[in-house]
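# Remarks on the overall topology
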Amino acid sequence: MNKKKILALSFVLCASVSAMAQEDNDKVDLTPQIHGTLRGKYEYQTEEGEGRFEVRNARVSINGNVAKAVEYKAEIDLSDEGTIKMLDAYTRLKPAKGLNFTLGQMRVPFTIDAHRSPHQQYFANRSFIAKQVGNVRDVGATLGYKFNVGFPIILEAGMFNGSGLTNQKNYWTKNVNYSAKAQFFLPRGFNVTLSVQKVKPDNATVMMYDAGAYYQAHGWHIEAEYLFKHYSNDAFKNVNAFNAFINYDIPLRKCIFTKISPLVRYDYMSDHSDGMRYLDGEENEAGSLIINDYQRSRVTAGLTFSIAKPFISDIRLNFEKYFYRDGASPKVSERDKIVLEIMTRF
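Quick look at the structure, then. (Residues numbered from 1 in each chain as written. Predicted model: local features only at pLDDT ≥ 70, side-chain atom pairs only at ≥ 80, totals over all residues. Heavy atoms only, no water.)

Another aspect to go through is the overall build of the protein. In terms of regular secondary structure, the protein is built from 2 helices and 20 strands. Structurally, the protein occupies a C-alpha span of about 90 × 65 × 40 Å along its principal axes. For the protein, buried positions account for 40% of its 346 residues. Contacts spanning at least 24 positions in sequence make up 52% of the contacts within the protein whose residues lie at least 6 apart. Summing over all exposed atoms, the protein offers an accessible surface of approximately 18,900 Å²; the carbon and sulfur share of this is 61%. Taking the average location of the 44 positive side-chain charges in the protein and that of its 38 negative ones, the two points are 8 Å from each other. (Helix = DSSP H or I, 4+ residues; strand = E, 2+ residues; numbered from the N terminus. Buried < 20%, exposed > 50% of the residue type's maximum accessible area, 1.4 Å probe, protein only. Contact = heavy atoms within 4.5 Å. Areas by Shrake-Rupley, 256 points an atom, 1.4 Å probe, with all protein chains shown as cover. Lys, Arg positive; Asp, Glu negative; His and termini not counted. Charge placed at Lys NZ, Arg CZ, Asp CG, Glu CD.)

Put into structure tokens, the structure is as follows:
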């Protein structure tokens with residue numbers, strides 16, 4: 001076979017592959033999707049008699065497909081408690097049905113409540129599990145697989161730097177931080193979620209184990225979650241955290257609101273360390289792990305008034321009652337309060 005025939009055959013093959021790929025991509029919507037979440041709130045601390053307005057989140061994201069097997073997402077928060085943060089920035093490959101591989105910056109697969117985006121939260125303020133104990137976003141890679149055994153199962157596992165979101169350029173490590181999560185979507189609205197995570201913020205390895213379950217059907221959402229946190233070499237005592245809540249949706253007709261949802265939550269956290277060493281109040285390798293969050297429990301009760309579909313625009317009215325252990329020093333913003341929040345998702 002001479003060179004001309006080889007070139008002609010190669011051209012035909014390339015053209016055929018290109019046509020097949022184009023035909024495949026023609027079935028996929030490649031239009032970028034732009035979303036945003038705005039959360040503005042007013043909080044009044046009842047014992048101090050002080051209040052404040054705050055823009056808690058002003059998130060903007062863009063996501064979509066560049067091919068049938070390639071997804072992307074980039075999300076930035078223009079006001080995460082007053083600061084600008086790059087949150088998600090990843091590409092996801094889907095080489096086979098149910099299988100995906102993600103590389104970039106993302107929330108690690110761990111817990112139920114910490115994995116919720118702001119527009120998916122039920123309460124104005126996050127649980128202790130979602131805010132202090134199990135909240136981790138990092139740079140790394142994950143592998144996910146979804147399959148059905150009579151009910152859907154989603155498995156996710158990943159490896160991460162442990163550097164957080166802002167310390168990437170000159171960060172090198174011999175440690176392996178990992179996270180794994182299994183979700184079982186059982187019949188009749190039941191879900192069971194199990195997850196494990198290893199991090200090493202400083203010199204002590206931290207292992208976290210989480211188990212949660214919820215029921216969602218007939219207007220009810222009932223959820224409970226427990227997290228256990230262990231620090232190596234007795235660097236800090238074990239942390240226990242618990243979160244449970246009940247939400248009930250009441251549909252409304254001929255009203256600006258489509259539904260009203262009474263809800264109540266109980267959450268608890270024992271003395272907690274962020275895993276970093278401190279000396280004289282500053283991060284220092286010569287120091288030791290300290291209590292960053294004192295043991296406390298909290299009861300939150302409230303009403304959510306929803307406009308349009310759920311998680312499109314909600315007015316959240318909550319009252320939070322804190323109970324601290326003896327000798328604890330409450331943080332400025334972790335006290336009894338009334339919260340009025342308006343969340344809008346677009």
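To summarise the sheet geometry, strands pair through backbone hydrogen bonds and adopt either a parallel or an antiparallel arrangement. Reading across from one edge, β16-β15-β17 is the order of the 3 strands in this open sheet, with antiparallel pairing throughout. The open sheet is flanked by β16 (282–283) and β17 (288–289), the only strands paired with a single partner. (Pairing = 2+ DSSP bridges.)

What follows deals with the pairing of strand β19 (residues 313–324). The pairing of strand β18 (residues 296–307) with β19 spans 12 bridges and is antiparallel. Residue pairing across strands places Phe305 opposite Ile315, the latter belonging to β19. Pairing of β19 with strand β20 (residues 337–345), which is carried by 8 bridges, proceeds in the antiparallel orientation. Looking at the pairing, Leu317 lines up with Leu340 of β20.

Once that is clear, we can look at the packing of aromatic side chains. Considering all chains together, one arrives at 10 aromatic pairs under this definition. Summarising the aromatic geometry, the rings of Phe123 and Phe245 are spaced 5.6 Å apart at their centres and angled 85° between planes, so their arrangement reads as edge-to-face. Of this pair, Phe123 sits in the loop between β5 (99–107) and α2 (128–133) while Phe245 sits in strand β12 (residues 239–248), and the two are 122 residues apart along the sequence. Note on accessibility: Phe123 and Phe245 belong to one class, buried. When the centroid spacing of 5.3 Å and the interplanar angle of 20° are considered together, the rings of Tyr145 and Phe147 count as stacked. (Phe/Tyr/Trp six-rings, centres within 6.5 Å; stacked < 30°, edge-to-face > 60°.)

Right, let's talk about unusual backbone geometry for a bit. Even without a glycine there, the phi angle at Thr111 is positive, about 70°. With respect to the secondary-structure elements, Thr111 resides in the loop between β5 and α2. The backbone of Asn233 sits at a positive phi, close to 55°, despite the residue not being glycine. Inspection of the secondary structure puts Asn233 in the loop between β11 (220–231) and β12. Residue classification places Asn233 among the exposed residues on the basis of a relative accessible area of 72%.

A few words now on the environment of Arg188. Mapped onto the secondary structure, Arg188 falls in the loop between β8 (177–186) and β9 (190–199). By relative accessible area, Arg188 is classed as exposed at 75%. With 46 residues separating them in the primary sequence, Arg188 and Asp234 have C-alpha atoms 43 Å apart.

This model, assessed by the stated rule, comprises 28 salt bridges. Across the pair Glu43 and Arg52 runs a salt bridge, and its minimum N-O distance is 2.8 Å. The class for Arg52 is partly exposed, based on a relative accessible area of 35%. When the shortest N-O distance is used, the salt bridge between Lys85 and Asp80 registers 3.7 Å. Taking relative accessible area as the criterion, Lys85 reaches 35% and is therefore assigned partly exposed. A single network of salt bridges, built from pairs that share partners, joins Arg39, Lys41, Glu43, Arg52, Glu54, Arg316 and Glu341. (Salt bridge = Lys/Arg side-chain N within 4 Å of Asp/Glu carboxyl O.)

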